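Secondary and tertiary structure notes
What follows is each chain in one-letter form.
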4 protein chains.
Amino acid sequence: MTTDPAPAAAQRRRRLSPEQRERQVLDAAVRVFSRSGFHDASMDDVAEQAGVSKPMVYTHGGGSKEELLRRCIRREADRLLVPVSQAAGSRTAASLPTGARTPAAPADTGPDAEHRLRHGLRAFFATLTSHRDGWSVLYRQARAGSIADEVHDARSRIVERVAGLLADELAVPAGADPVVIATPVAAALVGAAEGLADWSAAGGSDDPDVLAGLLMTLVWPGLDRLRG
Amino acid sequence: MTTDPAPAAAQRRRRLSPEQRERQVLDAAVRVFSRSGFHDASMDDVAEQAGVSKPMVYTHGGGSKEELLRRCIRREADRLLVPVSQAAGSRTAASLPTGARTPAAPADTGPDAEHRLRHGLRAFFATLTSHRDGWSVLYRQARAGSIADEVHDARSRIVERVAGLLADELAVPAGADPVVIATPVAAALVGAAEGLADWSAAGGSDDPDVLAGLLMTLVWPGLDRLRG
Amino acid sequence: MTTDPAPAAAQRRRRLSPEQRERQVLDAAVRVFSRSGFHDASMDDVAEQAGVSKPMVYTHGGGSKEELLRRCIRREADRLLVPVSQAAGSRTAASLPTGARTPAAPADTGPDAEHRLRHGLRAFFATLTSHRDGWSVLYRQARAGSIADEVHDARSRIVERVAGLLADELAVPAGADPVVIATPVAAALVGAAEGLADWSAAGGSDDPDVLAGLLMTLVWPGLDRLRG
Amino acid sequence: MTTDPAPAAAQRRRRLSPEQRERQVLDAAVRVFSRSGFHDASMDDVAEQAGVSKPMVYTHGGGSKEELLRRCIRREADRLLVPVSQAAGSRTAASLPTGARTPAAPADTGPDAEHRLRHGLRAFFATLTSHRDGWSVLYRQARAGSIADEVHDARSRIVERVAGLLADELAVPAGADPVVIATPVAAALVGAAEGLADWSAAGGSDDPDVLAGLLMTLVWPGLDRLRG
DNA sequence: AATGAATGAGTTTTCATTCAT
DNA sequence: GATGAATGAAAACTCATTCAT
């Protein structure tokens, strides 16, 4: 019966190459981890999602749950790095199509740099929105569940409050709800603050004046322009 | 013996008011959760950290581990909201000292708004850096452990890469390492992108063009000014 | 009442005599134990049912949960013994009131003995049905809950099967459902078998022939008469 | 070593079929439950008794302690039902050997019916005495422990008292202790009363007159015959 | 005498992980 | 190579019991 004469049936669980298996397992793991979070996800879940048995997950997933997550994180982080790197490489390539670049012009010609940044961000966001699961594994423990909701709500409250403050300042088209317009700006602002807090925790300055100054330098000109 | 002259010693196993106990338990929980993450932290750990027995943690912590975390999240989020709210209220109060404000002047006079934002951010960062544990519970599942490290590393790589790109553009004082200077800017930038991604996932637009456009509007003027 | 100057207020939680307290606690315990079973009932439940604090339950209930149950069992068993004892005493008392008993007459005069037994059984059942909680504590661990239900169902199946067999034999009034009539007889029969099994386990014979013979001797004449 | 010549030793941790495992687990559970009662028995106890690990008990025992007990109850109740059912089927089969049965004779011919009942009871008791554990799970929560003893004692007192009453009435061979002879009869009588009380609680009449009447109808003729 | 507060000890249940086939 | 079966270890949660007031 192992020598099943019916090939279709025999191939139902065909032997895959190690690379294919690993990809299969990692894909399943990213999915499961992003839905349930690392701890609430069980190796059984991963195995089922991958359509293989649990020992397979161990064989092709690094041998332990932690290592499996580690590999997921690495792979997804690399994925997010691609657009950034391309933006880097594009300095001469991708941005050139726009027009004839004079070699004489310095690398940081105004419009060129702006285009490059915009282009890079666009690619970054495109990757993000098309790989929500992977992003989730990197930036959130779980996207669902009562705890994830609670965290999300808490953060939302902060963003909303900031949006409320900004709304009073921004110039909005007549008829538009200023809060609605201010919300993404607030989300970006709060996110930037979190990013700086991470930097601070990782060894950067922890002087509130310095941190606030840095953030102001980055965003104030833009915000100022958004005001009437 | 009841009139013990050394109250501190006598009170080793003292009966506390429910409010005190709840604070004691929440403080311990925030600490433990921020170090080990929700799942790796055990109720025993929380009890030990609080210096009470496990049933106390259940009695004063909401009756379940999830509810305990929920209360931590709420309390810490409220703490972070304080500086933001004060920034709001300060429009007339805190910012007035700056000078004589003519009632005729609009509320969003340029320098005033800038000062207010800077002031709010400063307070926000001050709270953040002085309550790292609370911030951690809200924004990171764990600050330590091999997984937290892996996530941190993955993010760092992204920030570093972005910093590398920015470094080529920024004007830095002679002798300074441009990458070092660009790093916090990159951290803020990446954080802002994450914030927008959250907004996108929560119902905002998921068009990369829109997202990139929003972020550019916010940060490009500032970045442009940072360039020579 | 203990010379309290403010009787009404003081009596809200008045100090009861130890005997009253004990009765209060035992009453509550019997109730709680009969509803939830010994283990599923908590001392908190007993305290709440009794309207006192938990330490009171310990003070007046014997000092431990087991001892409390033991006291419940004893009290309720004594209660069930009363009708039996009265039946015994009634040989000369309750059944004789009619007239002077001649010493010559044997104690086991036919109709007299029958009346006495019927009288005793009636009193026994009267006590049983009016003290279901107490009976429950003695004969069932719990009267409710999914497990009690399961046990009850299992027993019912046996009784029903026996009733089915008996129904084929009994003579019933025209139009009556023989199974309905046979059911209480079956219940008594199965109960008698259980009683003998208990006796057997407690040291009586365990020869099935002997056990069956004993039961046949007791019930066959009656059953035979119930057949046409 | 895979070709171990001593299979018994080699199979110490053998893989069993699910059916075998389930039986193994249920057997152990019935045993443990019958000794310690449901609540005092721990899943560890069951696992140890079965010689397997606790997860096995969960895998093959229904997934929860309650479900495990439920399965025990069902299995043991089915076991007890077998002799009853056989008694039913034996109407023509098992009782035939006795003699030449004329088809013309009605199914409920006196001696035949009596033989059938006796036969059924004998089988019932045989099952009971050879499966004390199973019977215990069904009819007693625990067979040992201080509480089980207390309940047993309380019931015994009632049976003894009844036996004392009966002893005065029964005709016994010279030299025999009437109480000893009356005890199993009393046990059956009290058991029958309990059975009727169950029937009463399950929806039957709760009129003591009716209950006493039913029981008298069943047992009085037999008792009467036991008297001189 | 009476109680609210506190705890030690134990139990059910779940998984990551590994053999034997 | 692949799997079903099996387990060791841990963690949430409860409760009988006892102080300190």
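See above for the structure.
Structural notes, computed from the coordinates. (Residues numbered from 1 in each chain as written. Chains lettered and ligands numbered in written order. Predicted model: local features only at pLDDT ≥ 70, side-chain atom pairs only at ≥ 80, totals over all residues. Heavy atoms only, no water.)

Facing 90 residues of chain B, the contacting portion of chain A comprises 90 residues. Across the chain B to chain A interface the summed buried area is about 8500 Å²; carbon plus sulfur atoms make up 69%. Here chain B and chain A share twelve salt bridges between them. Put simply, B:Asp78 and A:Arg157 hold a salt bridge, and the shortest N to O gap is 2.9 Å. Counting across the chain B and chain A interface gives 24 residue pairs in polar contact (both at pLDDT 80 or more). Among the elements that line the side of chain B that touches chain A, the one with the most residues is helix 9 (residues 178–201) of chain B, at 18 residues. (Contact = heavy atoms within 4.5 Å. Buried area = accessible area lost by both parts, 1.4 Å probe. Salt bridge = Lys/Arg side-chain N within 4 Å of Asp/Glu carboxyl O. Polar contact = N/O pair within 3.5 Å; in protein donor to acceptor, adjacent residues only side chain to side chain. Helix = DSSP H or I, 4+ residues; strand = E, 2+ residues; numbered from the N terminus.)

Once that is clear, we can look at the relation of the copies chain C and chain D. Each copy of the sequence occupies a distinct position, and chain C is placed on chain D by a rotation of 180° and an axial shift of 0.0 Å, giving an RMSD of 0.2 Å. The symmetry that links the two subunits is that of a two-fold axis. Of the interface residues in chain C, 100% have counterparts in chain D that sit at the interface too, so the contact is made through matching surfaces. (Least-squares fit on C-alpha atoms with pLDDT ≥ 70 in both.)

The two copies are related by a screw motion: chain B maps onto chain A through a turn of 180° and a shift of 0.1 Å along the axis, at an RMSD of 0.2 Å. By residue overlap, the copies meet face to face through one surface: 100% of the interface positions of chain B are interface positions in chain A.

Quick look at the interface of chain C and chain D now. Contacts between the two partners involve 90 residues from chain C and, on the opposite side, 90 residues from chain D. Taken over both partners, the interface formed by chain C and chain D buries close to 8500 Å², and the fraction arising from carbon and sulfur atoms is 69%. When the area that chain C buries against chain D is broken down by residue, the three leading residues are C:Phe125, C:Tyr139 and C:Leu218, summing to 8%. Taken together, chain C and chain D are joined by twelve salt bridges. D:Arg155 is paired through a salt bridge with C:Asp198; the nearest N and O atoms lie 3.6 Å apart. For the side of chain C that touches chain D, the secondary structure elements donating two or more residues are helix 5 (65–89), helix 6 (110–130), helix 7 (132–139), helix 8 (146–167), helix 9 (178–201) and helix 10 (208–226) of chain C. Here the element with the most residues in the side of chain C that touches chain D is helix 9 of chain C; it accounts for 18 residues. Within the side of chain C that touches chain D, the residues separate by chemical class into 50 nonpolar, 15 polar and 25 charged. (Nonpolar A, V, L, I, M, F, W, Y, C, P; charged D, E, K, R; others polar.)

In the region of DNA strand E, 34 residues are neighbours, and A:Lys54, A:Tyr58, B:Pro55, C:Ser53 and D:Lys54 sit closest. Each atom of DNA strand E within 4 Å of the protein belongs either to a base or to sugar and phosphate, the latter forming 63%. A distance of 2.7 Å is found between a phosphate oxygen of DNA strand E and a side-chain nitrogen or oxygen belonging to A:Lys65. Contact between DNA strand E and D:Lys54: a base oxygen at 2.6 Å from a side-chain N or O atom of the residue. (Near = heavy atom within 4 Å.)

Bringing the protein's contact with DNA strand F into the picture now. The environment of DNA strand F is made up of 32 residues, and the closest members are B:Lys54, B:Tyr58, C:Lys54, C:Tyr58 and D:Ser53. Take C:Ala41: an N or O atom from its main chain is 3.4 Å from a phosphate oxygen of DNA strand F. One of the backbone N or O atoms of C:Met43 is found 2.9 Å from a phosphate oxygen in DNA strand F. Of all elements in the fold, only helix 4 (54–61) of chain A, helix 4 (54–60) of chain B, helix 4 (54–61) of chain C together with helix 4 (54–60) of chain D reach the threshold of two or more residues within the surface near DNA strand F. Considering each element in turn, the surface near DNA strand F owes the most residues, four residues, to helix 4 of chain D. Tallied by class, residues from the surface near DNA strand F come to twelve nonpolar, eight polar and twelve charged.

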